[in-house]
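# Topology and contacts: notes
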Amino acid sequence: MRYYPVFLDLEAKTVVIVGGGAEAAQKLRLMAKTPARIVVITPFAERELSTEIDAAGACLISRDFDADDLHGAALVFACGLDEADEALVHAAATERNIQINVVDKQDKCSFLTPSIVDRGSLTIAIGTEGAAPVLGQGIKAHLEAMLPPSIGSLVDKASALRPRVARALDKGSPRRDFWRSFFFGDIRSAFDRDPEAGFEQSVDDALSGDKRETTGSVSLVGAGPGDADLLTLKAQRRLLDADVIVYDRLVGPGVLEYARRDAERIDVGKAPGKLSVSQTRINDILIEHASAGKRVVRLKGGDPYVFGRGGEEQAALVAAGIPVDVVPGITAAVACAAEIRLPLTWRGENRSFTVMTGTAGDGAADHDWAALAKPGAAFSIYMGVRQAGHIQRKLLGAGIAEDTPVVVVENGTRPDQKTAVGTIATLTRTLALGAIKGPAIIYVGLDPARSDVLDAQIETQAAAEERIAS
Ligand SMILES: C[S@@+](CC[C@H](N)C(=O)[O-])C[C@H]1O[C@@H](n2cnc3c(N)ncnc32)[C@H](O)[C@@H]1O
C-alpha cells in the first residue's frame, strides 16, 4: 500500500482548482460536497464549469495562475493545463508543502482521489493506486446497490443516540449487542419499515430492556421475469438481508445468487397441473418463520401484485400481526415486450393496454369478450397457453377481426426465450408450430411490425401458413 487512505477535515479550509474545462468542473463537483472554501483560477471558464461555480458558490479568479494564489491552501488540483502551467502549479505547491493532484499525471500527484460512495456520514473511499479506476467505479456501483441512501440517516441517528446508549447500557457486550441490532438486526429492520415511529419504538424497547418477543418481518419481493439483471436495487438488498427465502417456480436461478449463503431457501413452486404447496400452507410457512424472529423474503416471479397472490399473502400476514413490506418487480407483460422491442402503446392507436389472465382456478377465465374484440383493443394474456382454444373461440365469437395480430413470448428474458407470431385466427396453430408450452405472454392487438427484431418470426409464420394452405 503506497497510498495511505485518510479522511481530511475540510471545514474552513481552502481548496484551489486551477483550470477552466471539464476536468476542473468534475473536481469542483467533488469538492462542493465538502464544507471547503473553493477557489477556481482560470482566465476562461467553460460553460459547464461556470454552472458548477454558481451551484457551489465557489470563488472564481479570472486570470492566469500566480504562485501566491496558493497562500493558505490545503489542497490544489491542476486540471487540464498545458505543460508550462502545470509545471508552475506543481512547483508552487511542492515548495509550499501543499498536497497536489495533477489530473491524469499520477507521477505529479502527492494524493489521489478515490471513487467515493457517499451516504451522508457513511463515506466509503475506493482506491486502486491509479491502476484500475474503472474497477474502482464498478466496485462503487456494487456498494451503492447494497447501501440504500437512507443508511446515511441511520448513521446520523446512531451518532445522536450514542450518549443515551452509553447512559442506558453497560460497556462491552450489552452495548455491542445493541449496536449489532441497530445496524444489522431488529432495530435496522424497524428502521427500514418505518424510519420514524417504528424505529423510535424499537430503540426504546431495546434500551429499556423491555425484552419483547422479537418479531421478524416478511418482504413480498418481485423478482422480475427471470433475468437477474432486472431485479431492483431494493429487491437485491432485501435478499441480502433475508434469513429465509420462500420462492416460486418462476424465479430466475440467477436471482437467488443475491441471497446470503447461509439463508434458508424454501421452494414452494407451483407448476401448472402438478401437486403443489397450497396457498394456505405458504401463508403458514411465512407466518411461522417471521414469528420466530426471522427476516423472510417471499420472492415471486414478476410483480407480487400482478397475478401473484401477493394481496392474499399480505392479508394473511397483516391478520397475524406480522410486519410486511412490498418491493415491486417488473411484470412479465412489460419485461417480455421490452425484450422483443414491441411497444405496448402507440400514440393514436391504442389508448389502453389490458393485462388479463387466461386461467381462473383450474379452468378458463371469463372476460368481457365484446370489449376485448373491439377494433384498437390491445391486451396481454398471462397463463393463456392452455386456454388458447377457448380464448380464440370467445374472441372470434365476439366479432374480433380475424387478422388481429398475436405475438407470443415464452420464457421471456431467459436464455431459452422463444417467440411466435400469428393472428387471432391462427392462435392455436401458432402456439403449436412454435412449440409454445409456457410460461408465456400472449399479446393481442399489437402490430409485430413495430418491433425491429421480429422479422424472422413474421417470415417463418408466413411460410408455415403458405405450406398449410397449399
Ligand atoms: C402466476 S403468473 C405470475 C405473474 C407474475 N407475478 C408477473 O408479474 O409477471 C404466471 C404467468 O406469468 C407469465 N410469465 C411469468 N414469467 C414469464 C416469462 N419470463 N415469460 C413469459 N411469461 C411469463 C406467464 O403467463 C405465466 O404463466
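Residues numbered from 1 in each chain as written. Predicted model: local features only at pLDDT ≥ 70, side-chain atom pairs only at ≥ 80, totals over all residues. Heavy atoms only, no water.

## Focus: the sheet that holds strand 5 (residues 99-102)
- The parallel open sheet is built from five strands, whose spatial order is 3-2-1-4-5. Either end of the sheet is taken by a strand with one partner, and the two such strands are strand 3 (59-61) and strand 5. Averaged over all pairs of adjacent strands, the angle between strand axes in this sheet comes to 20°, irrespective of strand direction.
- Where strand 4 (residues 73-78) meets strand 5, four bridges bridge the pair, whose relative direction is parallel. Bridge pairing links Leu-75 to Gln-99 in strand 5. (Pairing = 2+ DSSP bridges. Helix = DSSP H or I, 4+ residues; strand = E, 2+ residues; numbered from the N terminus. Axes fitted to C-alpha atoms, helices over the stretch in contact; angles between N-to-C directions.)

## Let's talk about the site of the ligand
- Around the ligand, 19 residues are found, and the nearest of them are Asp-303, Val-306, Thr-331, Gly-412 and Ala-440.
- A distance of 2.9 Å separates an oxygen atom of the ligand from a polar atom in the backbone of Met-383.
- Coverage of the ligand by the protein amounts to 89% of the 560 Å² it exposes when considered alone.
- Of all the elements in the fold, those that place two or more residues in the shell around the ligand are helix 12 (332-339) and strand 19 (440-444).
- Taken together, the residues of the shell around the ligand break down into 12 nonpolar, five polar and two charged.
- Built from parts of two domains, the shell around the ligand gets at least three residues from each of domain 3 (217-330) and domain 4 (334-469). (Near = heavy atom within 4 Å. Polar contact = N/O pair within 3.5 Å; in protein donor to acceptor, adjacent residues only side chain to side chain. Areas by Shrake-Rupley, 256 points an atom, 1.4 Å probe, with all protein chains shown as cover. Nonpolar A, V, L, I, M, F, W, Y, C, P; charged D, E, K, R; others polar. Domains from an automatic or database assignment.)

## Notes on helix 3 (residues 83-95)
- For helix 3, which comprises 13 residues, the first-to-last C-alpha distance of 18 Å matches the rise-based estimate of 18 Å (1.5 Å per residue) to within 8%.
- Taken as a whole, helix 3 has its buried residues at Glu-86, Val-89, Ala-92 and Ala-93. Each buried residue of helix 3 lies within a common arc of 135° when the element is viewed along its axis, so the set occupies one face. Exposed side of helix 3, more than 90 degrees from the buried face: Glu-83, Ala-84 and Glu-95 are the residues found there.
- As for helix 3, its buried residues are in contact with strand 1 (14-18), strand 4 and strand 5.
- Where helix 3 terminates, the next one or two residues include Asn-97, which has phi positive at roughly 60°. (Expected span 1.5 Å × (residues − 1). Buried < 20%, exposed > 50% of the residue type's maximum accessible area, 1.4 Å probe, protein only. Arc of directions from axis to C-beta. Contact = heavy atoms within 4.5 Å.)

## Some points on the environment of Gly-20
- Turning to its location among the elements, Gly-20 is positioned in the loop between strand 1 and helix 1 (22-31).
- For Gly-20, a relative accessible area of 14% corresponds to the buried category.
- C-alpha separation for the pair Gly-20 and Glu-46, spaced 26 residues apart in sequence, amounts to 5.9 Å.
- Once you skip the residues sitting within four places of it in the chain, Gly-20 turns out to touch Thr-42, Phe-44, Ala-45, Glu-46 and Leu-49.

## Some words on the pairing of strand 19
- For strand 19, a buried count of five out of five residues is recorded, marking the element as mostly surrounded by other parts of the structure.
- Taking every second residue as pointing to the same face, both faces of strand 19 are buried, with Ala-440, Ile-442 and Val-444 on one and Ile-441 and Tyr-443 on the other.
- Where strand 16 (residues 379-382) meets strand 19, three bridges bridge the pair, whose relative direction is antiparallel. If you follow Ser-380 over to strand 19, its bridge partner there is Tyr-443.
- Pairing of strand 17 (residues 405-410) with strand 19, which is carried by five bridges, proceeds in the antiparallel orientation. Residue pairing in the sheet places Glu-410 in a bridge with Ala-440 of strand 19.

## Digging into the state of the cysteines
- A full pass over the atoms with the stated rule returns zero disulfides.
- With no disulfide partner, Cys-59 has as its closest neighbouring cysteine sulfur the one in Cys-79, 16 Å distant.
- Note on Cys-59: relative accessible area 32%, which makes it partly exposed. (Disulfide = S-S within 2.5 Å.)

## A closer look at the sheet that holds strand 18 (residues 418-423)
- Spatially, the five strands line up as an open sheet ordered 13-16-19-17-18, and their pairing is mixed. One side of each edge strand has no neighbouring strand; the edge strands of this open sheet are strand 13 (354-357) and strand 18. Here the average twist between neighbouring strands, direction ignored, is 20°.
- Bridge analysis of strand 17 against strand 18 gives six bridges, and the strand direction is antiparallel. Within strand 18, the position partnered with Val-409 by the bridge is Thr-419.

## Re the nonpolar core
- Core analysis: the largest hydrophobic core is formed by 21 residues, its most contacted members being Leu-395, Val-408, Leu-431, Ile-442 and Val-444.
- Counting residues per element, the ones that place at least two in this core are helix 13 (369-372), strand 16, helix 14 (388-397), strand 17, helix 15 (427-433) and strand 19.
- Ignoring anything within four residues of it in the chain, the contact list for Val-408 reads Lys-418, Thr-419, Ala-420, Leu-431, Ile-436, Ala-440, Ile-441 and Ile-442.
- Counting residues in each nonpolar core, the second largest holds 19 residues, with Leu-10, Leu-28, Ala-36 and Cys-79 among its members. (Core = buried A, V, L, I, M, F, W, Y, C linked by side-chain atoms within 4.5 Å.)

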